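A look at the structure
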Amino acid sequence: MVKKFGGFIFVLFLAKLVFALEISPSLIYQIDTSKYQFTYEFFVKNDIPTESLITIEIIDFITDGRSYSFDDPDYKYSLKKYVQVTDKSFILAVNEQKSIKVEFNVPQNFPGATGVFALKITQESVSGGRVQVRLNYIVPFFVRFTNIPVYQSLVINDISAKDLLTEPDEKYGDYGSIITLEIENKGNIAFIPKGSIQISSRTLRTIIAELPLDSFDFVVFPERKTFYSVFIPYILPSGTIDVLLTGKSYGQDFSISGAKELKTENQFLLIQTVPDIVLFSDNTKSVTQSLVLKNLSPYKETLQASISENFVSLSPRKFTVYPYREITIGVRNKLKDFNFIGDKIYLVEFSIDSGRNIRNVSPSYVVLRGKSITPSLKASLNSSQRNSILSVQNTGDCLLQFNVFYNNRMLNETPITIFPGQTINLDFGNVVKGNLLKVEYFPYGEEKKYIFDDF
């Protein structure tokens, strides 16, 4: 049966438009120094198409992973009162760039191997006596005093887990798990790890997931606690879960571990298949392609793969999936005559022998592309006082992908796939101008591109 998508509307959110302040060379600064008195320089550039007023305020910067503190006068690792900026308020013309000098005058008895603070930079664009744009930026600084001996001591105080199938999360969705660690830093230096986090099951004697640690989302300030959450697309098993963090922070090796006893009530078999599209055309009709199925659950089951038409074969059709493991399925086309119009689209389906409920979080489709296709796309822009929504509809007879450009900047990170008859609504998060907007689209798997800019 050909999959039909007419009438389905999906709402996505594009990255907010970057008419803003360009801060370079970074948005977060790690400075290593043996000096207590020195000057550091960075740059700001006005990317808003009007003149902007810039103000800079020196603030504290501390986070526990859940909230931020910008005023903590008793925190002994704060550098707020030892820092000045040369220009606290100034005007930037359109595209004008300015150097900002940060002057440090830190006492030699400063207690930490790390000192922290941030700059709050406010950008205002005023036109006709009214503020048109007001944007705030928090720019953290972590200063490592290399002549101070490092004392690094970290411990995992607690581990909690949340099953998103039973408790959906606005940020992470409705499948998988969120594991939250409460980590305490008893040392005199910030913990900014580069390494990995490994999650394993003692009961199943297997590694469930291993993820990189290389982000400022995970910082534990000296003599403070932080809550750090990681998303994994898996259902966690009952029994003991081990969490192991390894790597380096400021050149110091670390290995931190903790364990949690879980009782899993979720009995779903959760699977994922990639790629989402397996495309056959007249030129590739004899090529065997592959589909990878991954078991995202702790259960061993026997599955059967099927498709609604017998001119597409799957091998193996029946197979066993093991907890957190993958299996590759061959996909072969047996149709010889591709002398038809448009795309024929079929869902790859899976059934389970035991009767357990099954969910594929990333369904795959087999697409047979006829020799003749008509790519066609329409779009409209609807704006209110607060935001603009772009409505994109595939009005052709083939699978398309598209990109959204504003002022010649691509807003989506990867091309968005849209089926024939499908409508996708894209929320910009603010008001945009139609004359700066365009949608680039192309048939899935092909290079020829078309432009829609009639807004």
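The structure this text deals with has already been given above.
Described in the following lines is the structure provided in the data block.

Here is what the cut-offs are and how they apply
Residues numbered from 1 in each chain as written. Predicted model: local features only at pLDDT ≥ 70, side-chain atom pairs only at ≥ 80, totals over all residues. Heavy atoms only, no water. Helix = DSSP H or I, 4+ residues; strand = E, 2+ residues; numbered from the N terminus. Buried < 20%, exposed > 50% of the residue type's maximum accessible area, 1.4 Å probe, protein only. Contact = heavy atoms within 4.5 Å. Salt bridge = Lys/Arg side-chain N within 4 Å of Asp/Glu carboxyl O. Phe/Tyr/Trp six-rings, centres within 6.5 Å; stacked < 30°, edge-to-face > 60°. Lys NZ or Arg CZ within 6 Å of the ring centre and 35° of its normal. Polar contact = N/O pair within 3.5 Å; in protein donor to acceptor, adjacent residues only side chain to side chain. Patch = residues over 30% accessible without salt bridge, like charges linked within 9 Å, V, L, I, M, F, W, Y side chains within 5 Å. Areas by Shrake-Rupley, 256 points an atom, 1.4 Å probe, with all protein chains shown as cover. Pairing = 2+ DSSP bridges. Axes fitted to C-alpha atoms, helices over the stretch in contact; angles between N-to-C directions. Core = buried A, V, L, I, M, F, W, Y, C linked by side-chain atoms within 4.5 Å.

1. Quick word on the overall build of the protein chain
Along the protein chain, the regular secondary structure elements total 0 helices and 38 strands. With respect to the three principal axes, the spread of C-alpha positions in the protein chain is 80 × 65 × 35 Å. With 455 residues in all, the protein chain has 46% of them scored as buried. Within the protein chain, counting contacts between residues at least 6 apart in sequence, those at least 24 apart form 70% of the total.

2. Focus: the pattern of salt bridges
Across all of its chains, the model carries 16 salt bridges by this definition. Of the charged contacts in the structure, one is a salt bridge between Asp169 and Lys162, with a shortest N-O distance of 3.7 Å. Assessed through its relative accessible area of 24%, Lys162 is described here as partly exposed. The residue Arg359 makes a salt bridge to Asp174 at a minimum N-O spacing of 3.0 Å.

3. What about the packing of aromatic side chains?
Any pair of aromatic rings gets described here by the distance separating the centres and the angle formed by the planes. Summed over the entire model, instances satisfying the criterion amount to 29 aromatic pairs. Pairing Tyr29 with Phe42 gives two aromatic rings, centres 5.8 Å apart and planes at 45°, and the pair type is tilted. A residue pair is termed long-range when its members are at least 10 positions apart, and Tyr29 in strand S3 (residues 29–33) and Phe42 in strand S4 (residues 37–46) qualify at 13 residues. For Tyr29, a relative accessible area of 2% puts it in the buried group. Assessed through its relative accessible area of 0%, Phe42 is described here as buried. Cluster of aromatic residues (ring-pair linked, three or more members): Tyr29, Phe38, Tyr40, Phe42, Phe104, Phe117 and Phe141. Over the ring of Phe227 we find Arg66, and its NZ or CZ is 3.8 Å from the ring centre. In this structure, Arg356 is placed above the aromatic ring of Tyr299, and the distance from its NZ or CZ to the ring centre is 4.0 Å.

4. Brief notes about the side chain of Thr180
Among the secondary structure elements, Thr180 is positioned in strand S14 (residues 177–185). Within the local environment of Thr180, its side chain forms a polar contact with the side chain of Ser229, the two groups lying 2.7 Å apart. Not counting the four nearest positions on each side in its chain, Thr180 is found in contact with Arg66, Asp158, Ile159, Ser160, Phe227, Tyr228 and Ser229.

5. Focus on a nonpolar patch on the surface
On the surface, Tyr68, Phe70 and Ile138 cluster together to form a nonpolar patch covering roughly 290 Å² of accessible area. Structurally, Tyr68 is set in strand S7 (residues 68–69). By relative accessible area, which is 54% here, Tyr68 ends up exposed.

6. Side note on the sheet that holds strand S13 (residues 154–163)
Read across the sheet, 3 strands follow the order S13-S14-S17 without closing on themselves; strand pairing throughout is antiparallel. Because the sheet does not close on itself, it has two edges, and the strands there are S13 and strand S17 (225–232). Adjacent strand axes in the sheet meet at a mean angle of 20° when their direction is disregarded. Bridge count for S13 against S14 is 9 bridges, and the pairing is antiparallel. Note on S14: the bridge partner recorded for Ala161 is Ile179.

7. Regarding the environment of Leu135
Examined against the element boundaries, Leu135 turns out to sit in strand S12 (residues 130–145). With relative accessibility at 27%, the residue Leu135 sits in the partly exposed group. Along the backbone, Leu135 and Lys101 are 34 residues apart, and their C-alpha atoms lie at a distance of 21 Å.

8. Points about the pairing of strand S10 (residues 97–105)
Across 9 bridges, S4 lies against S10 in antiparallel orientation. Note on S10: the bridge partner recorded for Phe38 is Phe104. The pairing of strand S8 (residues 83–85) with S10 spans 3 bridges and is classified as antiparallel. Its bridge partner lying in S10, Val83 is registered against Phe104.

9. A closer look at the environment of Phe452
Position of Phe452 among the secondary structure elements: in strand S38 (residues 450–452). For Phe452, a relative accessible area of 16% gives the class buried. Those residues within four positions of Phe452 in sequence are excluded, and the remaining contacts are Leu377, Lys378, Ala379, Lys438, Val439 and Tyr441.

10. Focus on unusual backbone geometry
Residues Ser24 and Pro25 are joined by a peptide bond in cis, for which omega reads 10°. Residue position: Pro25 is located in the loop between strand S2 (21–24) and S3. Here the amide bond leading from Val274 into Pro275 is cis, since omega sits at 0°, within 30 degrees of zero. Position of Pro275 relative to the elements: it lies in the loop between strand S20 (269–274) and strand S21 (277–280). Although it is not a glycine, Arg205 adopts a positive phi angle of roughly 55°. Relative to the assigned elements, Arg205 resides in the loop between strand S15 (194–201) and strand S16 (206–214). Within the chain, Asn407 stands out as a residue other than glycine whose phi angle is a positive 55°.

11. Re the nonpolar core
One finds Phe42, Phe104, Leu119 and Ile121 to be the most contacted residues of the largest nonpolar core, which totals 33 residues. The element best represented in this core is S12, accounting for 5 residues. When sequence neighbours within four positions are dropped, the list of residues in contact with Phe42 reads Ile23, Ser24, Pro25, Tyr29, Lys98, Ser99, Ile100, Val102, Leu119, Ile121 and Phe141. If you look at the next biggest cluster of nonpolar residues, it comprises 31 residues, including Ile156, Ile197, Ala209 and Ile256.

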